[in-house]
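# Survey of secondary and tertiary structure
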Amino acid sequence: GAVVSQHPSRVICKSGTSVKIECRSLDFQATTMFWYRQFPKQSLMLMATSNEGSKATYEQGVEKDKFLINHASLTLSTLTVTSAHPEDSSFYICSAGGRGYSNQPQHFGDGTRLSIL
Amino acid sequence: GIQVEQSPPDLILQEGANSTLRCNFSDSVNNLQWFHQNPWGQLINLFYIPSGTKQNGRLSATTVATERYSLLYISSSQTTDSGVYFCAVGEGGGSRLTFGEGTQLTVNP
């Protein structure tokens, strides 16, 4: 069964709305979670690394004020797309690596398809 | 950062055919995973294979870490095998993954 749960699976909203996406690790404690973005016909690109109890680390070119990440517990990370615009429409997917989670695969959520009208 | 190259970018097969997908990476890794992304976007984890050989039904994978490549074999392909196959590598289980550009596989009946 799924070890990483992501919610919601699909969001359609108006321009200017803020959207929150949740990523939960179900069977383990995840000190680190990752957020990826995928545009149509393209690969997954890492947006940011979410660290439990500390600030997220953002990849170059990703606006940290646009994509707010909170990792307040060992099982939950949230990504908030603030004042979303049509260019933010994309597929967002999270993955989790746990405490001392070496020599084990990363597990991915099912993704969130965000459409901004 | 680590560079990941997948080949071929596109592959069209008739049902029942076999295929080999390749993943080359530019640096030493401790994590290598193969995924199948279905039409709904879900990433299905096929193999965690930083080294060695594994088999799961009609699929098998081999990673030669010293030569920095991995191969995914699909035998007796079925239409349900269609989709995008990604190779992703990282420095460890708890570290970021870098994805290749993927191989778009189409299996025709």
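Here the structure is a predicted model, which means the values were calculated and not measured.

Right, let's get into the overall build of chain B. Counting its secondary structure elements, chain B contains 0 helices and 11 strands. In summary, chain B has a C-alpha radius of gyration of 13 Å against a globular reference of 13 Å for 109 residues, a match within 12%. Its C-alpha atoms give chain B principal-axis dimensions of roughly 40 × 25 × 20 Å. Across chain B, contacts joining residues at least 24 apart in sequence account for 54% of those joining residues at least 6 apart. For chain B, the accessible area works out to roughly 5100 Å², and carbon and sulfur atoms hold 47% of it. In chain B, 5 positive and 8 negative side-chain charges are present, and the distance between their average locations comes to 7 Å.

The next point concerns the sheet that holds strand E7 (residues 59-64) of chain B. All names here are of chain B. Ordered in space as E1-E3-E8-E7-E6, the 5 strands form an open sheet in which the pairing is antiparallel. A single partner strand is all that each edge strand has here, and the edge strands are strand E1 (4-7) and strand E6 (52-56). Strand-to-strand twist in this sheet, taken as the mean axis angle between neighbours without regard to direction, amounts to 15°. In this structure, strand E3 (residues 19-25) lies alongside strand E8 (residues 69-74), joined through 6 bridges in antiparallel fashion. When the sheet's bridge partners are listed, Asn24 is paired in E8 with Tyr69.

Turning to the packing of aromatic side chains, a few remarks are in order. Counted under the stated rule, the structure contains 7 aromatic pairs over all chains. Here Phe67 of chain A and Tyr92 of chain A contribute two aromatic rings whose centre-to-centre distance is 6.2 Å and whose plane-to-plane angle is 45°, an arrangement assigned as tilted. Residue Phe67 of chain A is found in strand E7 (residues 67-73), and its partner Tyr92 of chain A is found in strand E9 (residues 90-97); the two are separated by 25 residues along the sequence. Chaining the aromatic ring pairs together yields one cluster made of Tyr36 and Phe108 of chain A together with Phe35, Phe86 and Phe99 of chain B. Positioned over the ring face of Tyr69 of chain B is Arg22 of chain B, at 4.2 Å from the centre of the ring.

Before going further, it helps to examine the layout of surface pockets. With a probe scaled to a water molecule rolled over the atoms, the places where space remains empty come into view. Reported here for the largest pocket is a volume of approximately 520 Å³. Taken together, 24 residues make up the lining of the largest pocket; nearest its centre are Gln38, Pro40 and Lys41 of chain A together with Gln37 and Val84 of chain B. Where the lining of the largest pocket is concerned, the elements lending two or more residues are E9 and strand E11 (112-116) of chain A together with strand E9 (83-90) and strand E11 (103-108) of chain B. Per-element tally for the lining of the largest pocket: the top contributor is E9 of chain B, with 3 residues. Of the residues in the lining of the largest pocket, the class split is 8 nonpolar, 12 polar and 4 charged.

In this section: unusual backbone geometry. With the exception of glycine, most residues fall at negative phi, and the peptide bonds are largely trans. Cis geometry marks the peptide bond from His7 of chain A to Pro8 of chain A; its omega dihedral reads 0°. Omega for the bond connecting Ser7 of chain B with Pro8 of chain B falls within 30 degrees of zero, at -10°, which places this linkage in the cis form. Tracing the backbone through its elements, the reader meets Pro8 of chain B in the loop between E1 and strand E2 (10-14). Phi at Ser83 of chain A is positive, roughly 45°, even though this residue is not glycine. With respect to the element layout, Ser83 of chain A can be found in the loop between strand E8 (76-81) and E9. Positive phi outside glycine occurs at Arg68 of chain B, with the angle close to 60°. Considering the arrangement of structural elements, one finds Arg68 of chain B in the loop between E7 and E8. Assessed through its relative accessible area of 32%, Arg68 of chain B is described here as partly exposed.

Next up on the list: the interface of chain B and chain A. Size of an interface: often given as the accessible area lost when the parts come together. Opposite the 19 residues of chain B that make contact, chain A presents 21 residues. Between chain B and chain A lies a buried interface of about 1600 Å² when both sides are counted; carbon and sulfur atoms form 52% of it. Run the count over chain B and chain A and you get 1 salt bridge. Here Arg96 of chain B and Glu59 of chain A are joined by a salt bridge, their closest N and O atoms 3.2 Å apart. Summed over the shared surface of chain B and chain A, the number is 7 residue pairs in polar contact (both at pLDDT 80 or more). Of all the secondary-structure elements, those providing two or more residues to the side of chain B that touches chain A are strand E4 (31-37), strand E5 (43-48) and strand E10 (97-99) of chain B. Considering every element that reaches the side of chain B that touches chain A, the biggest residue donor is E4 of chain B, with 4 residues. When the residues that make up the side of chain B that touches chain A are grouped by side-chain class, the tally is 7 nonpolar, 10 polar and 2 charged.

What counts and how
Residues numbered from 1 in each chain as written. Chains lettered and ligands numbered in written order. Predicted model: local features only at pLDDT ≥ 70, side-chain atom pairs only at ≥ 80, totals over all residues. Heavy atoms only, no water. Helix = DSSP H or I, 4+ residues; strand = E, 2+ residues; numbered from the N terminus. Rg over C-alpha atoms; globule rule 2.2 N^0.38 Å. Contact = heavy atoms within 4.5 Å. Areas by Shrake-Rupley, 256 points an atom, 1.4 Å probe, with all protein chains shown as cover. Lys, Arg positive; Asp, Glu negative; His and termini not counted. Charge placed at Lys NZ, Arg CZ, Asp CG, Glu CD. Pairing = 2+ DSSP bridges. Axes fitted to C-alpha atoms, helices over the stretch in contact; angles between N-to-C directions. Phe/Tyr/Trp six-rings, centres within 6.5 Å; stacked < 30°, edge-to-face > 60°. Lys NZ or Arg CZ within 6 Å of the ring centre and 35° of its normal. 1 Å grid on protein atoms, 1.4 Å probe; cavity = no way out; pocket = protein on both sides within 12 Å on 5 of 7 lines; lining within 4 Å. Points joined across faces, edges and corners; volume = space filled by probe spheres on them. Nonpolar A, V, L, I, M, F, W, Y, C, P; charged D, E, K, R; others polar. Buried < 20%, exposed > 50% of the residue type's maximum accessible area, 1.4 Å probe, protein only. Buried area = accessible area lost by both parts, 1.4 Å probe. Salt bridge = Lys/Arg side-chain N within 4 Å of Asp/Glu carboxyl O. Polar contact = N/O pair within 3.5 Å; in protein donor to acceptor, adjacent residues only side chain to side chain.

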